[in-house]
Amino acid sequence: MRASVLVLFLSLSALLAGCGSLVFHLPGHSARQHTAPLQLAPGARQLALETPARLPVPGGFALGLVSEDPAIAAVETRDGAGGASTCTLVARAPGETTVHYVNRFTVPRDEAAVAALPREELRERSLGAFRVTVR
């Protein structure tokens, strides 16, 4: 199941990226590769991802980011018109955490609920991940 979701994600990402709609703002990140680590200073904000719209697939698909430890690095998602969204990383405290690309329809929207998810469950829903170091 995870492999088919990953294939769907890569196909849709490539299609949207080809249209210039999906934008990965982190260095070394793209529809095919999104594993480059990132270093941020405490309090820093980094625009990470812009998506044009929710994709009309069964159950819905909205690419987003979620942090394993939002106390270190949080993700702020802002929804706009027509389902467009932006994801910004916010460095909160020194440390390291993993941030995952996910279908936002498969994870809770509330930061506390995401933090309460077992990490293995979050990793099963991951479409790719990268390390964030705050120092």
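Owing to the predicted nature of the structure, the values given are computational and were not obtained by experimental measurement.

The rules behind the values
Residues numbered from 1 in each chain as written. Predicted model: local features only at pLDDT ≥ 70, side-chain atom pairs only at ≥ 80, totals over all residues. Heavy atoms only, no water. Helix = DSSP H or I, 4+ residues; strand = E, 2+ residues; numbered from the N terminus. Buried < 20%, exposed > 50% of the residue type's maximum accessible area, 1.4 Å probe, protein only. Contact = heavy atoms within 4.5 Å. Pairing = 2+ DSSP bridges. Core = buried A, V, L, I, M, F, W, Y, C linked by side-chain atoms within 4.5 Å. Salt bridge = Lys/Arg side-chain N within 4 Å of Asp/Glu carboxyl O. Polar contact = N/O pair within 3.5 Å; in protein donor to acceptor, adjacent residues only side chain to side chain. Axes fitted to C-alpha atoms, helices over the stretch in contact; angles between N-to-C directions.

Draft legend 1. Examining the overall build of the protein more closely. Counting secondary structure elements, the protein contains three helices and eight strands. Starting at the N terminus, the α and β elements of the protein follow one another as α-β-β-β-β-β-β-β-α-α-β. For the protein, the residues scored as buried account for 41% of the 135 residues in total. If you take every contact in the protein between residues at least 6 apart in sequence, the share linking residues at least 24 apart comes to 70%.

Draft legend 2. Inspection of the pairing of strand β3 (residues 45-51) at higher detail. Bridge count for strand β1 (residues 23-24) against β3 is two bridges, and the pairing is antiparallel. For F24, the partnering residue across the bridge sits in β3 and is L49. Here β3 runs beside strand β6 (residues 85-91); their pairing, made up of six bridges, is antiparallel. Bridging across to β6, E50 finds its partner in T86.

Draft legend 3. Highlighting the nonpolar core. Core analysis: the largest hydrophobic core is formed by 23 residues, its most contacted members being L49, L63, L65, L89, Y101, F130 and V132. At the level of secondary structure, the elements contributing two or more residues to this core comprise β2 (38-40), β3, β4 (63-67), β5 (73-79), β6, β7 (95-103) and β8 (128-134). Non-local contacts of F130, meaning those with residues more than four positions away in its chain, are made with L26, H29, H34, T35, A36, L65, L89, T97, T98, V99 and Y101. One finds V66, V102, V114 and L122 within the second-largest nonpolar core, a separate group that totals five residues.

Draft legend 4. Focus on the pattern of salt bridges. Applying the stated rule across the entire model yields ten salt bridges. A salt bridge links R123 to E68; its shortest N-O distance comes to 2.9 Å. Of the two residues, R123 sits in helix α3 (residues 119-125) while E68 sits in the loop between β4 and β5, which places them 55 residues apart along the sequence. Exposure remark for E68: the relative accessible area of 7% places this residue in the buried category. For the salt bridge of E120 with R123, the shortest nitrogen-to-oxygen distance reads 3.3 Å.

Draft legend 5. How the structure looks around the pairing of β8. Counting buried residues along β8, five of its seven residues qualify, which places the element largely inside the surrounding structure. Of the pairings in the sheet, the one linking β7 to β8 comprises seven bridges and is antiparallel in character. Bridge pairing in β8 links G95 to V134.

Draft legend 6. Region of the structure containing the side chain of T98. Relative to the helices and strands, T98 is located in strand β7. There is a polar contact of 2.5 Å between the side chain of T98 and the side chain of R131.

Draft legend 7. Representation of the sheet that holds β4 in the model. Spatial strand order, β2-β8-β7-β4: four strands in an open sheet with mixed pairing. Either end of the sheet is taken by a strand with one partner, and the two such strands are β2 and β4. On average, adjacent strands in this sheet sit at an angle of 30 degrees to one another, irrespective of strand direction.

Structural measurements only, silent on function.
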